[in-house]
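# Per-entry structural report
Below are the chains, spelled out letter by letter.
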Amino acid sequence: MAGRIPSSRVVAVGAILFAVVVLAVTIGPSALSSAQGDSSSWQVIAEERGLTEADLRAAAMTYTPSGVMDPYVMVASGGHSGQVFIIGMPSMRLLRSVAVFTPEPWQGYGYGAGEEVLAGGDMNGRQVRWGDTHHPALSETNGDYDGQWAFINDKANARVAVIDLRDFETKQIVNNPLFLNDHGGTFVTPNTEYIIEGGQYGQPLGSEYAPLAEYETAYRGMITFWKFDREAGRIDPSQSFAMELPPYWQDLCDSGKLVSDGWVFCNSINTELATGGIEKGNPPFEAGASRNTTDFLHIINLKAAEAVYKAGNTVEIAGMQVITLDTVIENDLLFFTPEPRSPHGVDIAPGGDYIVVSGKLDPHVTVYSFQKILDTIAAGTTETDQYGVPILPYESVLEAQVEVGLGPLHTQFGPDGYAYTSLFLDSAVARWSIGAEGYRPQDGWSLISKVPIQYNVGHIAAAEGDTVSPDGQFLVALNKWSVDRFLNTGPLLPQNFQLIDIGQEGDTLQVLYDMPFGVGEPHYAQIIKADKLAAWEVYPEVGWNPLTQSPDPNSVAQGTEGVTREGNEVTVRMTAVRSHFTPEHVEIKAGDKVKWTITNVERARDATHGFSIPYYGINLSIEPGETVTFEFEATEPGVFSWYCTEFCSALHLEMMGYLTIEPE
Ligand code: CUK
Ligand code: CUA
């Protein structure tokens, strides 16, 4: 695999690193002590703080002076905070949160604005105002991140969200009508035609009722392919479809690429069809779902499935077009092959040619050859599972097994033929070599080294690690437990993101930095080169509506502000600019229905204004150029002082006004 040319900033970091190492080596310990007189010298500070040479190297690799930008950006899930977090790397500075499934006041999301987006995730009219985000997916063009969109799933409620990377705001939430949970999402096909959302815990499709005693017959699994309309920047549910699957618990998925473009691979657990019931004397789920020595890797022919869907060979369930399991089998859309027990991650190598699976209860990573899968399918198979899905013999599709350690979960890839696997039970990250042509045939399929992490690593994310051309350089271990790494702030501990240097060959992995993460529980992250992002500095025009990403016909120009009334319907048209709102008085009557539009007419970068009305639960963030409209019913009379919630200027405290609501 051809290495990528590192960006100039990586070179710069490398140069600083080189300088410090050279300094440390050439100056040496004696020079350190001779510098003792000068308490300002970095050698003295380093010595007093007990920093080792490795620490200094780590500092040189991560320290990012004020005003210097990070070369990489990590887009991390926020777990059950329901949000997404944006982190600069290698500085590991939190750049911002992106509100997705959970209302968030700083961004003015869900407190008068953003309601339409959140409402997309309503379930049968019920507001569900949190989520459990697991797997962010950056949009791809030809298998490479293109920096335009990000997608994320809500495991708790089977929803998928679309984030526009021009302003890093959530534009759409869709709710999967078939299922109430998902885990195999989100993943994108190499040109972002589809966003993949696999389910997890079996249930009747369409969220109907059936007793657990009917698990085998009435419960099912599913995978949904949401069509993404790039032009519109939205998922198009009318062009989306799903496949009915056996009620195994489908786990993670990954999209094929290059040679395996058009295919999708998913793990499953609980091929035992355990239904639990520890209180009735049944084995608990954790035992019942781990009895078998193998589960099934799902091999899905998405291209063929799309043709079946387009031919209309589907049934409609709860409004979703579904290819039934019978049709799936008839059309050879799904194949199984055994995979080691309780598999978790499935990850496709950069060439699309190898599929790496980790069984949580097996110390190996198991590597399947896509070519062998094709050959075995072509040769025909006789064995099926109890639902009639063909099973490809394990030996005929297996390429290699590499013993990496205990509790392997997830795998990422470097540019140099190395792969990295998180080891949950070992609390380590393993580097191993892909012993195939185009990767590292010189090393064979072998474990190269391991680095201990602190502690209980879940996912790992490498720079551009899911693309057809990974960057290497850095890898982040997203650790579940931090235990003794940080000052104690009570029994609820942060997670620990550990930055690891993977930039050099061989046995050289080094933990560089610990970032406590005290918000939700991130699962997965993707890391993109910063220069691929082209976010706006301010909205392109004054009067911009971020929901439509176009000028809002309702926007308010300076000089046209005012309050108008038709019957009991009041329209407020307001502008915001440092350091006043216009108008400053809004005088209405109890029972009025109010429609209120505010345009921030600023063009200066960072000149954001907030707007809050007490009691009525309104809180907006109005970024430069943005127009926001909110509505409420003035049910309660009184005097309500609104103010700007962003410290925008020296006279920010004076940026306020009065809403008076006269009793009827
Ligand atoms: S999961 Cu959380 S560590 Cu949702 Cu990808 Cu594996
Ligand atoms: Cu505007 Cu504070």
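Residues numbered from 1 in each chain as written. Chains lettered and ligands numbered in written order. Predicted model: local features only at pLDDT ≥ 70, side-chain atom pairs only at ≥ 80, totals over all residues. Heavy atoms only, no water.

## Focus: the overall build of the protein
Our working rule: Runs of H or I in DSSP of at least four residues are treated as helices and runs of E of at least two as strands, each being numbered from the N terminus. Within these notes, the globule rule equals 2.2 Å times the number of residues to the 0.38 power, and the radius of gyration is based on C-alpha atoms. Burial here depends on accessible area, computed with a 1.4 Å probe over protein chains only, as a share of the maximum for the residue type. Under 20% is buried, over 50% is exposed, and the range in between is partly exposed. What makes two residues a contact is simply this: any of their non-hydrogen atoms within 4.5 Å. Methods summary: accessible areas were calculated by the Shrake-Rupley approach with a probe of 1.4 Å, and residue burial reflects only the protein chains presented. Charge assignment: positive for Lys and Arg, negative for Asp and Glu; neither His nor the chain ends contribute. Lys charges are placed at NZ, Arg charges at CZ, Asp charges at CG and Glu charges at CD.
Helix and strand counts for the protein come out as 10 helices and 42 strands. Its C-alpha atoms give the protein a radius of gyration of 27 Å, within 12% of the compact-globule value 26 Å for 664 residues. Reported as C-alpha extents along the three principal axes, the dimensions of the protein are approximately 80 × 80 × 50 Å. Put simply, the protein has 664 residues, and 58% of those count as buried. Taking the contacts inside the protein whose residues are at least 6 apart along the sequence as the reference set, 61% of them involve residues at least 24 apart. Carbon together with sulfur atoms contributes 53% to the accessible area of the protein, which is approximately 26,600 Å² in total. Charge centroids of the protein, computed over 39 positive and 84 negative side chains, lie 2 Å from each other.

## What about the sheet that holds strand β5 (residues 144–154)?
We count it as follows: Pairing between strands requires that DSSP locate at least two bridges from one strand to the other. Angular values range over 0 to 180 degrees, each being the angle between N-to-C directions of two axes fitted as lines to C-alpha atoms, with helices fitted over their stretch in contact.
Strand order across the open sheet formed by four strands is β4-β5-β6-β7, with antiparallel pairing between neighbours. At either end of the open sheet lies a strand with only one pairing partner, and these are β4 (137–141) and β7 (169–175). Neighbour to neighbour, the strand axes of the sheet diverge by 30° on average, direction disregarded. Examined bridge by bridge, β5 and strand β6 (residues 159–164) share six bridges and lie antiparallel to one another.

## Overview of the nonpolar core
Going by this rule: In plain words, nonpolar cores are sets of buried Ala, Val, Leu, Ile, Met, Phe, Trp, Tyr and Cys residues tied together by side-chain atoms within 4.5 Å.
With 48 residues, the main nonpolar core has I223, F225, M243, V264, F265, I323 and I355 as its most contacted residues. Top contributing element to this core by residue count: strand β13 (residues 263–269), with five residues. Core analysis: the second largest hydrophobic core is formed by 29 residues, W596, L620, F630 and C644 among them.

## A short note on the sheet that holds strand β22 (residues 408–413)
Pairing is antiparallel across the open sheet formed by four strands, whose spatial order is β22-β23-β24-β25. The sheet is open, and its two edges are formed by β22 and β25 (446–452), each paired on a single side. The mean angle between the axes of side-by-side strands here comes to 25°, regardless of whether they run parallel or antiparallel. Relative to strand β23 (residues 418–423), β22 runs antiparallel, the two being bridged by four bridges. For F413, the partnering residue across the bridge sits in β23 and is A419.

## Regarding the site of ligand 1
Put simply, the test is: The nearness test applies per residue and asks whether one of its heavy atoms lies within 4 Å of the molecule or strand. Within this scheme a cavity is a closed region of a 1 Å grid, computed over the protein atoms alone, that accommodates a 1.4 Å probe without allowing it to escape, whereas a pocket is open but has protein on both sides within 12 Å along at least five of seven lines; lining residues each have an atom within 4 Å of a point. By definition, a pocket or cavity contains a molecule when more than half of the molecule's atoms lie within 2 Å of the pocket's grid points.
Around ligand 1, the neighbouring residues are H134, H135, H183, L252, H344, H410, G458, H459, K480 and H523. For ligand 1, the cavity whose grid points lie within 2 Å of the majority of its atoms is the second largest pocket.

## A short note on the pattern of salt bridges
Our working rule: Salt bridges are defined by distance alone: a side-chain nitrogen of Lys or Arg within 4 Å of a carboxyl oxygen of Asp or Glu.
This structure, assessed with the given rule, holds 21 salt bridges. Of the charged contacts, one joins E505 and R440 as a salt bridge, the two residues approaching to 3.1 Å between their closest N and O atoms. Of this pair, E505 sits in the loop between β28 (495–501) and β29 (510–517) while R440 sits in the loop between β24 (428–433) and β25, and the two are 65 residues apart along the sequence. Given the relative accessible area of 49%, E505 is considered partly exposed. Among the salt bridges present, the one from R578 reaches E602, with a minimum N-O distance of 2.7 Å. Of this pair, R578 sits in the loop between β34 (569–577) and β35 (580–582) while E602 sits in the loop between β37 (593–600) and β38 (609–613), and the two are 24 residues apart along the sequence. In this structure E602 comes out as buried when scored by relative accessible area, which is 5%.

## Details of the confidence of the model for the protein
The condition that has to hold: Scored between 0 and 100, pLDDT is the confidence that the predictor attaches to each residue.
When pLDDT is averaged along the protein, the result is 94, and 94% of the positions lie at 70 or above. In the predicted structure, residues 1–33 sits below a pLDDT of 50 and forms 40 contacts with residues beyond four places in sequence or in another chain.

## Brief notes about unusual backbone geometry
Note: most residues except glycine have negative phi, and most peptide bonds are trans. Here the residue pair M89 and P90 is connected by a cis peptide bond, since its omega of 10° sits within 30 degrees of zero. Topologically, P90 is positioned in the loop between β2 (84–89) and β3 (93–98). With an omega of 0°, the peptide bond running from T582 to P583 counts as cis. Here P583 shows up in the loop between β35 and β36 (585–589). Its identity as a non-glycine residue notwithstanding, N124 has a phi of 55°, on the positive side. Structurally, N124 is set in the loop between α4 (115–119) and β4. With a relative accessible area of 84%, N124 lands in the exposed category.

## Digging into the environment of G121
In this fold, G121 is placed in the loop between α4 and β4. Remark: the alpha-carbon pair of G121 and I173, spanning 52 residues in sequence, is separated by 5.3 Å. Excluding residues that lie within four positions of it along the chain, G121 makes contacts with R159 and I173.

## Examining the side chain of N157
Condition: Throughout this description, a polar contact denotes any pair of N or O atoms lying within 3.5 Å of each other; where both atoms belong to protein, one of them has to be capable of donating a hydrogen while the other can accept it, and for residues adjacent in sequence the pair is counted only when both atoms sit in side chains.
Mapping N157 onto the fold places it in the loop between β5 and β6. With a relative accessible area of 10%, N157 lands in the buried category. Side chain to side chain, N157 and D154 meet in a polar contact 2.8 Å long. The residues touching N157, leaving out its near neighbours within four places in the chain, are M123, V128, W130, G131, N175, F179, L180 and N181.

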